[in-house]
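# Summary of the model geometry
Below, each chain spelled out in residue letters.
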Amino acid sequence: MHWGKVLKVDKGHAEILVKRVLPCGDACRKCSAGCYIESDVIKVKMAKGMKTGDLLEILVEKGKGSITEMERYGISLAAMLLAVVAAYIAAPVEYKVQVSGAALFVGIILSHFAVKEAEKIAVRRGSVKHTIVGMLPEGSVRKYMR
């Protein structure tokens with residue numbers, strides 16, 4: 001389950017900030033473990049009695065087009081291998097080991113951004129479905145939904 005906060009209500013639609021409920025709590029900026037998406041703003045049809053500031057419980061389901069764990073690891077592995085192989089081929093003979101080590105580091109950084117971009121594309125494609133389960137009582141998750 002995820003939490004959501006109604007940001008804006010306009011002409012029968014509501015903009016909702018959706019935040020994940022994670023096993024590690026709300027320390028995403030400290031953790032950086034590669035969570036799917038820290039938060040997202042969605043637009044849905046307004047439910048009866050919904051107003052700005054309401055807290056919601058939201059079910060988030062990944063559809064067919066979303067990125068799987070195997071694809072995530074595959075993208076990371078491919079980016080790292082591509083960087084190392086390219087550096088190994090391009091480097092002078094006496095520096096192949098050092099350049100390959102540096103390329104591995106660059107490949108790790110490249111893989112992080114490649115996976116994040118793939119996840120953003122999946123979200124834009126609409127492969128993530130948000131369903132509002134219900135309203136949460138006032139003050140129940142207030143500290144997490146600033």
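Presented here is an overview of the structure given in this document.

Criteria and thresholds
- Residues numbered from 1 in each chain as written.
- Predicted model: local features only at pLDDT ≥ 70, side-chain atom pairs only at ≥ 80, totals over all residues.
- Heavy atoms only, no water.
- Helix = DSSP H or I, 4+ residues; strand = E, 2+ residues; numbered from the N terminus.
- Buried < 20%, exposed > 50% of the residue type's maximum accessible area, 1.4 Å probe, protein only.
- Contact = heavy atoms within 4.5 Å.
- Areas by Shrake-Rupley, 256 points an atom, 1.4 Å probe, with all protein chains shown as cover.
- Phe/Tyr/Trp six-rings, centres within 6.5 Å; stacked < 30°, edge-to-face > 60°.
- Lys NZ or Arg CZ within 6 Å of the ring centre and 35° of its normal.
- Core = buried A, V, L, I, M, F, W, Y, C linked by side-chain atoms within 4.5 Å.
- Patch = residues over 30% accessible without salt bridge, like charges linked within 9 Å, V, L, I, M, F, W, Y side chains within 5 Å.
- Salt bridge = Lys/Arg side-chain N within 4 Å of Asp/Glu carboxyl O.

## Remarks on the overall build of the chain
Helix and strand content of the chain: three helices and five strands. Ordered by position in the sequence, the α and β elements of the chain form the string β-β-α-β-β-α-α-β. Counting all 146 residues of the chain, 27% fall into the buried class. Restricting to contacts in the chain with at least 6 residues of sequence separation, those with at least 24 account for 73%. When the accessible surface of the chain is totalled, it reaches about 9,700 Å², and 63% of it is carbon and sulfur.

## Digging into the environment of Leu110
Note that Leu110 resides in helix H3 (residues 96-124). Residues Leu110 and Ala83 lie 27 residues apart in sequence; the distance between their C-alpha atoms is 8.6 Å.

## Some thoughts on the packing of aromatic side chains
The full count for this structure, using the stated rule, is zero aromatic pairs. For the cation-ring pair, Lys96 lies above Tyr88, with the distance from its terminal atom to the ring centre recorded as 4.6 Å.

## A look at unusual backbone geometry
A negative phi holds for most residues other than glycine; trans holds for most peptide bonds. Despite not being glycine, Lys11 has its phi angle at roughly 50 degrees, a positive value. Counting through the fold element by element, Lys11 comes out in the loop between strand E1 (2-10) and strand E2 (13-20).

## Points about the nonpolar core
Membership of the largest hydrophobic core is limited to nine residues, which are Val6, Ala14, Ile16, Val18, Ile42, Val44, Met50, Leu56 and Ile58. When contributions to this core are tallied by element, the ones reaching two or more residues are E2, strand E3 (39-45) and strand E4 (55-62). It is E2 that provides the largest number of residues to this core, a total of three residues. Once residues lying within four places of it in the same chain are set aside, the contact partners of Ala14 are Val6, Lys8, Val9, Ile42, Lys43, Val44, Met46 and Met50.

## A word on a nonpolar patch on the surface
Side chains of Phe105, Val106, Ile109 and Phe113 sit close together on the surface and give an oily, nonpolar patch of about 420 Å² of accessible area. With respect to the helices, strands and loops of the structure, Val106 is situated in helix H3.

## Let's talk about the side chain of Ser111
With respect to the element layout, Ser111 can be found in helix H3. Contacts of Ser111, omitting those with residues within four sequence positions, involve Ser76 and Ala79.

## Comments concerning the pattern of salt bridges
Tallied over the full model, the rule gives two salt bridges. Across the pair Lys51 and Asp54 runs a salt bridge whose closest N-O atoms are separated by 3.4 Å. Asp54 sits in the buried class, given a relative accessible area of 9%.

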